[in-house]
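Descriptive structure summary
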Amino acid sequence: MKKTAQDYSHINGWGIDADPLDVPAYPMKKRTENDNKGMIWERPPQQPELVEVLHSNERPGLTAVFGTPNPPKGLSGKIRRYAFKYSESMIRHWLLLLVADRVNMIEGIHEDINKGHFPDVFSELGGKSEMKYNKVGLTRKIALGAGIAVLAIAFLRTRR
Amino acid sequence: MLAMNYRGPYRVRADRSKPMPKIEHSGDAIVRVTRSCICGSDLHLYHGMVPDTRVGTTFGHEFIGVVEEIGDAVQNLKVGDNVLVPFNIACGKCVFCEQGLFGNCHESNPEATAVGGIFGYSHTAGGFDGGQAEYVRVPYADVGPMIIPDNMDHDDAVLLTDVFPTGYQAAEMGGIKPGDTVVVFGAGPVGIMAAKSAWLFGAGRVIVIDHLEYRLEFVKNYAQCEVYNFRSLGDVVLFLKKTTDWLGADVCIDAVGCEAAGDAMQTITGRKLMLQSGSATALHWAINSVKKGGIVSIVGVYGPTGNLIPIGNVVNKGITIRANQASVKRLLPKLIDHIQSGRVSPKDIITHRIPLEEVSDAYHIFSAKLDNCIKPILIPPSARK
């Protein structure tokens, strides 16, 4: 049930990019003379590796450029190094990295405190905008939190 | 310098002690950022869903700015140029870049082979810091960045770094033929641009599905399309079958990705427990509501692990699935023409301009969909003078 008979004059540019020769649409396999020859391209100059950079074991080494902020360190770094022993195809590779991220979050709090900066979690969570735009939701969250706390205290007292 | 600093899920802050980026490779440039956006896909990082997102990372892959410094080998840019920087980091030399697949460069991301480097998108995408900062290091400066045309509004320019190209490529990958019915799942910024772009390919009918009324109202006016709230539809796939003469849509576009609402099982296993790489509700609906022999186009971002999707129906219905990171550099000339000809005005989707210093609130407003937020942009102090 095609609707080409309809009037689309109210839509600026309707059909301007419809090219019957462009079938199927991108991404097409656009063959070049270098297809099927492996990694034969002239590689860009190599960025010096001045910090530890982990690389996927599905490639032979580093790419020509890479990001250097936040190299692996601490316990999270150990977990990341271990995760990179497994290929991108292995679920344990990704789950270990997620575990490392959560450990890294705790390390980040320690790091802040060691530098004399106590994290302002309320502001980091966007608390000011929540107060401005979602007072009802914020009140509900506080009430829910308080309710859970009261129940937990009551439960603990009952057990004693 | 001032920069956004990730501290863990839902926790970010503006940090004034971030070290200035340096030239680390002869092809690098340092860009002073004048505008950067928060992308819907940044929320996946913000929510802690992307593996190897390290504390201290600065997000931001949609930004424009002024060239402050260039490496010895850079020839196409000079200090003082106003540039828009595609979110893909691409060498321009590997076999994938040679084919125009700039989102799949093989020389920009050591940590994963499945995706090329992306600014500020975790170590899974190369470990580069992003543009939600005063300054940013831009590798391969001769390849990706483009000098902003003199007569272009910089709000339009910043949306050419990802949102408009991604939405446009979503429609392009749909292989839309004149008269086709196109369903776009998701009325976020990319879904809005996909709906708008579908008409350029001659779509006969464009339908957008979401559950946020303010976004549906916006896209109905902006992209002149039909909109439906899936909360009121009941069975989304059944509704789409009925409204397409029981055959299904010619093209379905997943512009949602891993944080889709609408299915309890997907939400619990994907978003809450992270047992799959996010909730695949939109993709599930797309596969089941597309016509036999139709095309599903995916630009919604999923994590690198696996998802529960009805792969059997992909076979049974003979569906073609096309998906990729947008190849921004390839698309820029055509999209600039669309903007300059007045066919598309990306800047109209910007709803919030927020100082970089208030980045925590900017993320929360966008993530929690407060104040009818569609697209927030962050403005560093130096760009406000």
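Going along each chain's sequence as written, the residues are numbered from 1 onward. Key to labels: chains lettered from A, ligands numbered from 1, both in the order written. Only residues with pLDDT of 70 or above have their local features reported here, since the model is predicted, and side-chain atom pairs are shown and tallied only from 80 upward, although totals for entire chains, interfaces and linings are computed over all residues. The side-chain values count all of the structure's non-hydrogen atoms but skip hydrogen atoms and water molecules.

Some words on the overall build of chain A
Our working rule: Helix and strand assignments follow DSSP, with helices taken as H or I runs no shorter than four residues and strands as E runs no shorter than two, numbered in order from the N terminus. Based on C-alpha atoms, the radius of gyration is set beside the globule rule, defined as 2.2 Å times the residue count to the power 0.38. Buried residues are those whose accessible area, probed at 1.4 Å on protein chains only, stays under 20% of the maximum for their type, while exposed residues exceed 50% and partly exposed ones sit between those limits. Whether two residues touch is decided by their heavy atoms; if any such pair falls within 4.5 Å, the residues are in contact. Accessible areas in this description were obtained via Shrake-Rupley with a 1.4 Å probe; residue shielding takes into account the shown protein chains only.
Along the backbone of chain A there are five helices and zero strands. Going residue by residue from the N terminus, the α and β elements of chain A occur as α-α-α-α-α. Against the compact-globule benchmark of 15 Å for 160 residues, chain A has a radius of gyration of 27 Å, which places it well outside the compact range. Looking at chain A as a whole, 34% of its 160 residues are labelled buried. When contacts within chain A are restricted to residue pairs at least 6 apart in sequence, those whose partners lie at least 24 apart make up 29%. Of the roughly 10,700 Å² that chain A leaves accessible, carbon and sulfur atoms contribute 62%.

Thoughts on the overall build of chain B
In plain terms, the rule: None of His or the chain ends enter the tally, which takes Lys and Arg as positive and Asp and Glu as negative. Charged side chains are reduced to one point each, which is NZ for Lys, CZ for Arg, CG for Asp and CD for Glu.
Of regular secondary structure, chain B possesses 13 helices and 17 strands. A compact globule built from 385 residues should have a C-alpha radius of gyration of about 21 Å, and chain B, at 20 Å, falls within 12% of that. If you line up chain B on its principal axes, its C-alpha atoms span 60 × 40 × 40 Å. The buried share of chain B, reckoned over its 385 residues, is 69%. Within chain B, residue pairs in contact and separated by at least 24 positions form 71% of the contacts whose partners lie at least 6 positions apart. Total accessible area on chain B stands at roughly 11,800 Å², and carbon and sulfur atoms take up 52% of it. The averaged location of the 39 negative side-chain charges in chain B is 4 Å from the averaged location of its 36 positive side-chain charges.

With respect to the interface of chain B and chain A
This is how the line gets drawn: By definition, a salt bridge exists where a carboxyl oxygen of Asp or Glu is found within 4 Å of a side-chain nitrogen of Lys or Arg. Distance and chemistry together define a polar contact, namely a pair of N or O atoms within 3.5 Å, with one atom able to donate a hydrogen and the other to accept it when in protein, and with adjacent residues in sequence counting only for side-chain atoms on both sides. Charged means Asp, Glu, Lys or Arg here, nonpolar means Ala, Val, Leu, Ile, Met, Phe, Trp, Tyr, Cys or Pro, and polar covers whatever is left, Gly included.
On the side of chain A, 79 residues touch chain B, which itself brings 83 residues to the contact. Counting across the interface, chain B meets chain A through seven salt bridges. As a salt-bridge pair, R13 of chain B and D112 of chain A come within 2.8 Å of each other at their nearest N and O atoms. If you look at where chain B meets chain A, you find 46 residue pairs in polar contact (both at pLDDT 80 or more). Elements represented by at least two residues in the side of chain B that touches chain A include exactly strand 1 (3-8), strand 2 (11-15), helix 2 (95-98), helix 4 (163-173), helix 5 (189-200), strand 15 (320-323), helix 12 (328-340) and helix 13 (359-367) of chain B. Looking at the side of chain B that touches chain A, the element that brings in the most residues is helix 13 of chain B, giving four residues. Of the residues contributing to the side of chain B that touches chain A, the split by class is 30 nonpolar, 29 polar and 24 charged.

A short note on the packing of aromatic side chains
Residue and element names in this part refer to chain B. How we decide: Pairing of aromatic side chains here covers Phe, Tyr and the six-membered ring of Trp, requires ring centres within 6.5 Å, and sorts the geometry by plane angle: under 30 degrees stacked, over 60 edge-to-face, intermediate tilted. Charge over a ring is defined by NZ of Lys or CZ of Arg lying within 6 Å of the ring centre and within 35 degrees of the ring normal.
Evaluated as defined, the whole model comprises 14 aromatic pairs over all chains. Pairing Y46 with Y363 gives two aromatic rings, centres 5.0 Å apart and planes at 35°, and the pair type is tilted. Within this pair, whereas Y46 is found in helix 1 (residues 42-46), its partner Y363 is found in helix 13, the two being separated by 317 residues in sequence. Geometrically, the ring pair formed by F218 and Y222 is stacked, given 5.6 Å between the ring centres and 15° between the ring planes. With F218 and Y222 both in helix 6 (residues 213-222) and four residues apart, the pair spans about one turn of that helix. Sitting over the ring of Y222, K196 keeps its end group 5.0 Å from the ring centre.

A look at a nonpolar patch on the surface
The criterion, for reference: Note that patches include only residues with greater than 30% relative accessible area and no salt bridge, and the join distances are 9 Å for like charges and 5 Å for nonpolar side chains (Val, Leu, Ile, Met, Phe, Trp, Tyr).
On the surface, V121 and L125 of chain A together with Y10 of chain B cluster together to form a nonpolar patch covering roughly 240 Å² of accessible area. When you line up the elements, L125 of chain A lands in the loop between helix 3 (121-124) and helix 4 (127-133).

Section: the domain arrangement of chain B
Residues and elements named next belong to chain B. So the rule is basically this: Domain boundaries shown here were taken from an automatic or database domain assignment. Once two parts are brought into contact, the accessible area they lose, counted with a 1.4 Å probe and summed over both, makes up the buried area.
According to the domain assignment, chain B contains domain 1 (3-162 + 327-384) and domain 2 (163-323). The C-alpha centroid of domain 2 is placed 25 Å from the C-alpha centroid of domain 1. The interface is formed by 34 residues belonging to domain 1 together with 26 residues belonging to domain 2. For the pairing of domain 1 and domain 2, the buried interface totals around 2,600 Å² over both sides, and the portion due to carbon and sulfur atoms is 70%. Looking at the side of domain 1 facing domain 2, the largest losses of area belong to M49, I349 and I374, adding up to 24% of the total buried there. Here domain 1 is connected to domain 2 by one salt bridge. Where domain 1 meets domain 2, there are 11 residue pairs in polar contact (both at pLDDT 80 or more). Elements represented by at least two residues in the side of domain 1 that touches domain 2 include exactly helix 1 and helix 12. Broken down by element, the residue count for the side of domain 1 that touches domain 2 peaks at seven residues, all from helix 12.

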